[in-house]
Every structure is written in structure tokens, then in C-alpha cells.
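The lines below spell out each chain.
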Amino acid sequence: MATMKRVFICLLYVFAIGYKAIAQDPFFSQSYNNPIYLNPSLTGANNGLKINMNDMRQWTAVPGTFNTSTVTADIGEECSSIGLGIMGLHDERGEGFLTTNQLGLTGRWAAPLIAKRLDIAFGLGGSFAQKSIDWSKLQFSDQFDPILGQISNTNAQPHQSGIPYTDIDAGVSFKFLFDHNGFTILNNIGFVVHHLNRPNIGLVSESNLPSLYTIHAGSVIPFGKDWKNKGDFLFPYAVYNWQEAFNTAFKLQREIVAGLYVYNTNLIYGLLYRDGY
């Protein structure tokens, strides 16, 4: 499919239905707009250099909001089987009480299984992260008098304010094409394991971050007679996550997102559904 070379003015209308926050990881509903965060095997999947910036702010009307920002860059060429990427993440939870900063590299190696029809790609990501907490913003029960309110400093001894850790992700994806009514439809399906090494992120006591498993799939479906010049196509996709709850054996947290984008000349609009259980 021809690469679109013009800048789109993006208007995306998103209707999120039945959302529930269930996982320990920041999750972007528009996952394919943050591909190397979704799966390192998507690094450099598009030709040339690509830079993505994402910012997510949840529950802004109440104290203790969840704010997450990512910046990624990746590069790949059609003549090469290798893609390389870099990713930075900043996450704040609870009015800045708990923050995470992460910087990592991703790599991809692809090989054709059927020439110009079916490719397989393997991806690996490694990052260094720092999770920290501002103990000065916390309040403890011994600071409060039942009549006068807060009257004294706490006797609680703060634990370590930050913990560094390394994080490893690994994924695989398949890209396959088929023709229908004169159009070439591009499809992608992948599987990834985040936190493969289950790093310890405990600030008070040891607490290993459970692995997060993700299955994702999407298609690029052209439409219209002049789609090659206008870049008109549909993009249906779905993402399914599951992850163990902290310190709870055999209890899984699950989340699903399904959506449809319409790329129409210079506009992008869409609809998605997101739910967790």
C-alpha cells in the first residue's frame, strides 16, 4: 500500500463505553497510535522515521488524577529486516505522589514466510525505569486529632523514596495481505509479553510486577476508486490484555478495546469500545 505523505488534520471522536481501570500499567485506548509501546515487534514496521507523542489524562475533575505521557521514535526500511526504536514514558498517579519515569530501546527483526504476502516479526524491548514517591505529600493517622484535626507531624519513618528497575518486553507479530475486489487489504496480528522479567517495584517491601499479556489485531481496508491518491481506508482493530492482580494468585484482570478508524482525505474519525473486568 502506498505510504501517505501528507499531514492529516486529525479529528477523532471517541466514545468510551463502560470503562474500568483494572491494570497496573498505563494503557492507551488508541493503541495503534503508540505501536512500539503496544508491541516491540512493530518497531520500524512502516518505512522511514516515525515519531509519536501521546498524552493521557484520566479523571481530571477529581484530585489524584492519572497522567501518562509517552514519546517514541522508530525507523525501518523496506529493504532491511531490522527496525530500531526508542521510547520514553512519564506517569503520575495520586497528585504526583507516585511517579514513574522510563527510558528504553526496542528492536525488531522480520522475515518473509510467503514472498510479499506473509511476514513474521520478532521484537524485544529493554528499558530502565525509576519509580518514586513523595513522602512529604502523604498524611498518616497519628497526625490527626479527632477534635482539632491535624495538629502534629507524623512519627512514621518514610521508606525509600525511589526504586530503579529494568523491564523487558518480547513480542511477535504477523503481517499478511490478500486481495479483494481489486483492493489489497493489509492485516496484522500479534502477541506480546510485557514485564517478562517481573521486576521488583516495591517501595516498602518486595513486590514483583506481574507480566502483562496482550493480543492485538488490525486491518487496513482501502475504499473508494481514488484511494491511492486520497488515502481513504478503514482501520478496524482490537486489543485484549490480561494480567495477574498484585499479590493475588490465579486472579486475572482483563481489558478489551475494539474500535474503527476512518481515514477520509484529510480527516481521521472513529469510534471505540473499552471495558475491563
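(A) Looking closely at the pairing of strand β5 (residues 118–133). The pairing of strand β4 (residues 98–114) with β5 spans 16 bridges and is antiparallel. Note on β5: the bridge partner recorded for Gln 102 is Ala 129. What sits between the antiparallel neighbours β4 and β5 is a turn of 3 residues, in which Lys 116 has the positive phi angle 60 degrees. Two elements, β5 and strand β8 (residues 162–180), share 15 bridges in a ladder whose sense is antiparallel. Within β8, the position partnered with Gly 125 by the bridge is Asp 169.

(B) Structural view of a nonpolar patch on the surface. A grouping of Leu 49, Ile 51, Met 53, Val 71, Ile 75, Ile 82, Leu 84, Trp 109 and Phe 122 is seen on the molecular surface, where their side chains present a nonpolar patch of about 970 Å² in accessible area. Residue assignment for the nonpolar patch shows that the elements contributing at least two residues are β1 (48–58), β2 (66–76) and β3 (82–93). Its place among the elements puts Phe 122 in strand β5.

(C) Focus on the pattern of salt bridges. Taken as a whole and assessed by the stated rule, the structure comprises 6 salt bridges. The partner of Arg 57 in a salt bridge is Asp 55, with the nearest N and O atoms 3.0 Å apart. The class of Arg 57 is exposed, set by a relative accessible area of 51%. Taking the relative accessible area as the measure of exposure, Asp 55 reaches 47% and is therefore partly exposed.

(D) Summary view of the environment of Glu 92. With respect to the helices, strands and loops of the structure, Glu 92 is situated in strand β3. Given the relative accessible area of 28%, Glu 92 is considered partly exposed. Residues Glu 92 and Asn 67 lie 25 residues apart in sequence; the distance between their C-alpha atoms is 5.2 Å. Setting aside chain neighbours within four positions, we find Glu 92 in contact with Thr 65, Phe 66, Asn 67, Leu 98 and Thr 99. Within polar-contact distance, the side chain of Glu 92 engages the side chain of His 90 at 3.0 Å.

(E) Main features of the nonpolar core. Counting 14 residues, the largest nonpolar core has Tyr 32, Phe 235, Tyr 237 and Tyr 263 as its most contacted members. The dominant element in this core, judged by the number of residues it contributes, is strand β11 (residues 233–244), at 4 residues. In this structure, Phe 28, Tyr 37, Met 87 and Leu 89 belong to the second largest nonpolar core, which totals 6 residues.

(F) Examining the sheet that holds strand β9 (residues 183–194) more closely. Read across the open sheet, the 11 strands follow the order β1-β2-β3-β4-β5-β8-β9-β10-β11-β12-β13; overall the sheet is antiparallel. Edge positions in the sheet fall to β1 and β13 (267–276), since each has one partner strand and no second. Going across the sheet, the axis of each strand differs from the next one's by a mean of 15 degrees, ignoring polarity.

(G) Layout of the environment of Leu 84. Position of Leu 84 relative to the elements: it lies in strand β3. Leu 84 gets classed as exposed once you look at its relative accessible area, which sits at 52%. When the C-alpha positions of Leu 84 and Thr 106 are compared, they lie 5.9 Å apart, and in sequence the two are 22 residues distant. Setting aside its immediate chain neighbours within four residues, Leu 84 contacts Thr 43, Ala 73, Asp 74, Ile 75, Thr 106 and Gly 107.

(H) Molecular detail of the confidence of the model for the protein chain. Per-residue pLDDT for the protein chain has a mean of 80; in total, 80% of the residues score no lower than 70. Contacts for the low-pLDDT stretch residues 1–23, under 50 throughout, to residues beyond four places or in other chains number 57 contacts.

(I) Summary view of the side chain of His 194. Looking at the element boundaries, His 194 is found in strand β9. Beyond its immediate chain neighbours, meaning those up to four positions away, His 194 contacts Tyr 37, Leu 38, Ile 168, Asp 169, Ser 211, Leu 212 and Thr 214.

(J) Inspection of the packing of aromatic side chains at higher detail. What the rule picks out here adds up to 12 aromatic pairs. With a centroid separation of 5.7 Å and an interplanar angle of 75 degrees, the aromatic rings of Tyr 32 and Tyr 237 are classed as edge-to-face. Taken together, the residues Tyr 32 in the segment before α1 (35–38) and Tyr 237 in strand β11 connect sequence positions 205 residues apart. Here Tyr 32 matches Tyr 237 in class, with each residue buried. Note on Trp 109 and Phe 122: the rings are 6.2 Å apart at their centroids and 15 degrees apart in plane angle, and the pair reads as stacked. Highlighted residues: Trp 109 in strand β4 and Phe 122 in strand β5, separated in sequence by 13 residues. Among the residues examined, Phe 122 registers a relative accessible area of 42% and is labelled partly exposed.

What counts as what
- Within each chain, residues carry numbers counting from 1 in the order of the written sequence.
- Local features in this predicted model are restricted to residues whose pLDDT is 70 or higher, and side-chain atom pairs enter the listing and the counts only when it is 80 or higher, whereas totals over whole chains, interfaces and linings include all residues.
- Hydrogens are left out, water is left out, and the side-chain values use all remaining heavy atoms of the structure.
- Pairing between two strands requires that DSSP report at least two bridges joining them.
- Put simply, DSSP marks the helices as runs of H or I at least four residues long and the strands as runs of E at least two long, and each gets a number from the N terminus on.
- Each patch groups residues whose relative accessible area exceeds 30% and which form no salt bridge, using 9 Å between like charges and 5 Å between nonpolar side chains of Val, Leu, Ile, Met, Phe, Trp and Tyr.
- Residue exposure ignores everything except the shown protein chains as possible cover, and the areas themselves are Shrake-Rupley values with a 1.4 Å probe.
- The salt bridge criterion pairs a side-chain nitrogen of Lys or Arg with a carboxyl oxygen of Asp or Glu, the two atoms within 4 Å.
- Any residue under 20% of the maximum accessible area for its type is buried, any over 50% is exposed, and the rest in between are partly exposed; the area is computed with a 1.4 Å probe on protein chains only.
- Contact between two residues is taken to exist if any of their heavy atoms lie within 4.5 Å; hydrogens are not considered.
- For this analysis, a polar contact is any N or O atom pair within 3.5 Å, provided that within protein one partner can donate a hydrogen and the other can accept it, and provided that sequence-adjacent residues contribute only side-chain to side-chain pairs.
- As used in this record, nonpolar core signifies buried Ala, Val, Leu, Ile, Met, Phe, Trp, Tyr and Cys residues forming a set joined through side-chain atoms within 4.5 Å.
- Axes here refer to lines fitted to C-alpha atoms; in helices the fit is confined to the stretch in contact. Angles between the N-to-C directions go from 0 to 180 degrees.
- pLDDT is a per-residue confidence score from the predictor, ranging from 0 to 100.
- To pair, rings of Phe, Tyr and Trp, with the six-membered ring standing in for Trp, must have centres within 6.5 Å; the planes then decide the type, stacked if under 30 degrees apart, edge-to-face if over 60, and tilted in the middle.

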